Amino acid sequence: MASGEPMSSRLSRWASAIHLSVVLALMVTLLSACGSLKVEETYPLESVNGSGSQTSYVYRAAGVTVQEAAKELVEQKKPEQQSKADPDHMFLVYSDQVIHVQKDENKPEDSLVEVDSKEYFRQNYSPSFLEGYLLANLIGSLFDGGPRSGGYGDYRGYGSMGSNPPATGKYHAPSAAEKKAAPPVTVEKKGSIFKRSKTGDDGSSVGSNGLFGKKSSSSSSSSSGKITREDGSGSSKKSSGYFTPRKKSAPRTKSGGFGRISKRR
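The rules behind each value
- The residue numbers shown here count from 1 along each chain, following its written sequence.
- Reporting of local features is limited, given that this is a predicted model, to residues whose pLDDT is at least 70; pairs of side-chain atoms are given and counted only at 80 or more, and all residues count toward the totals for whole chains, interfaces and linings.
- To get the side-chain values, take all heavy atoms of the structure and skip hydrogens and water.
- Secondary structure elements follow DSSP: runs of H or I of four or more residues count as helices, runs of E of two or more count as strands, with numbering from the N terminus.
- Exposed residues in this analysis have more than 50% of their type's maximum accessible area, buried residues have under 20%, and partly exposed residues fall in between, with area computed by a 1.4 Å probe over protein chains only.
- Throughout, a contact is declared for two residues whenever any of their heavy atoms are within 4.5 Å.
- A 1.4 Å probe and the Shrake-Rupley method give the accessible areas. Residues count as covered only by the protein chains that appear here.
- The criterion for an aromatic pair is that two Phe, Tyr or Trp rings (for Trp, the six-membered ring) have centres within 6.5 Å, with stacked assigned to planes under 30 degrees apart, edge-to-face to planes over 60 apart and tilted to the rest.
- For the purposes of these results, a polar contact is taken to be a pair of N or O atoms within 3.5 Å, where, inside protein, one atom must be able to donate a hydrogen and its partner to accept one; residues adjacent in sequence count only when each atom of the pair is a side-chain atom.

1. Notes on the overall build of the protein
Here's step 1: Counting secondary structure elements, the protein contains 6 helices and 12 strands.
Here's step 2: The proportion of buried residues among the 265 residues of the protein is 32%.
Here's step 3: By sequence separation, contacts in the protein at least 24 residues apart represent 57% of the contacts at least 6 residues apart.
Here's step 4: When the accessible area of the protein is evaluated, it comes to approximately 18,100 Å², of which 53% is carbon and sulfur surface.

Written out as structure tokens, the structure reads:
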């Protein structure tokens, strides 16, 4: 019987080949997806107002401009009408609600996404303010029920609530029940598999730990890459940025009693 390669050796080579092909296929998949991966994010709920048919939910889009936030929402769900591109205010009108994307006056790098029911919109907003953003016939259809008993409101959005508060109700931090009832505002973005973390805020704002917000993280000191060794006494010593080898000294010699030289081990 002719001697051949042992079965165990052949099985080992096959297993290695299969393992290598799986690793290569995974690397190709990751590299092709990098830079074009769609990342789903949800804006954190920051404040709520109203109840029943009059509701308003305010979400924070941290580090996103008004036009970027509006574009993401339009791509997610196309509105029936939308205002022209504007760096401060944009309106998206849907069948059952109006989304007002606005710059946060106290934090201009962020946008506020206010989702209002049409009844809340009619009862609180100022038609004259909307004339700069929406067509006259659209404003007319939004206010076709006429003004509330006290006349039209002068509200211009959550971002300017200090100077122009809503006519009905007051905004407040959302309760657990209100968070469950609030419609989620979710968008898809192009991201990367290898995502750098961003330093968050102090987490004191309402909704900072929402699904779409940046969770605050405690700052950590950067490592200098130094190597710590213990000397013979048990105390720790830090070397410089690079590992410093021990200095070599010439071997000591001693003379034996019979003229023989021996090396210290």
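Here the narrative resumes, following the displayed structure.
2. Thoughts on the side chain of His89
Here's step 1: For His89, the location among the structural elements is in strand β5 (residues 89-93).
Here's step 2: Dropping the residues within four chain positions of it, His89 is found in contact with Val66, Ser83, His100, Val101, Gln102, Phe129, Tyr133 and Arg156.

3. As for the packing of aromatic side chains
Here's step 1: On inspection of all chains with the given rule, the structure shows 12 aromatic pairs.
Here's step 2: Ring centres of Phe91 and Phe121 lie 6.3 Å apart, and the angle between their planes is 80°; this geometry places the pair in the edge-to-face category. Within this pair, whereas Phe91 is found in strand β5, its partner Phe121 is found in helix α3 (residues 118-124), the two being separated by 30 residues in sequence.
Here's step 3: Look at Phe121 and you get buried, because its relative accessible area is 0%.
Here's step 4: Relative to Tyr155, the ring of Tyr125 has its centre 4.9 Å away and its plane inclined at 70°; by these criteria the two rings are edge-to-face. Within this pair, whereas Tyr125 is found in the loop between α3 and α4 (127-130), its partner Tyr155 is found in the loop between α5 (136-142) and α6 (176-181), the two being separated by 30 residues in sequence.

4. Thoughts on the environment of Ser47
Here's step 1: Along the chain, Ser47 turns up in strand β2 (residues 45-51).
Here's step 2: The spatial distance from the C-alpha of Ser47 to the C-alpha of Ser175 is 9.5 Å, given a sequence separation of 128 residues.
Here's step 3: With residues near it in sequence (within four places) discarded, Ser47 still touches Ser56, Tyr57, Val58, Tyr158, Tyr171, His172 and Pro174.
Here's step 4: Of note is the side chain of Ser47, whose polar atom sits 3.2 Å from the backbone oxygen of His172.

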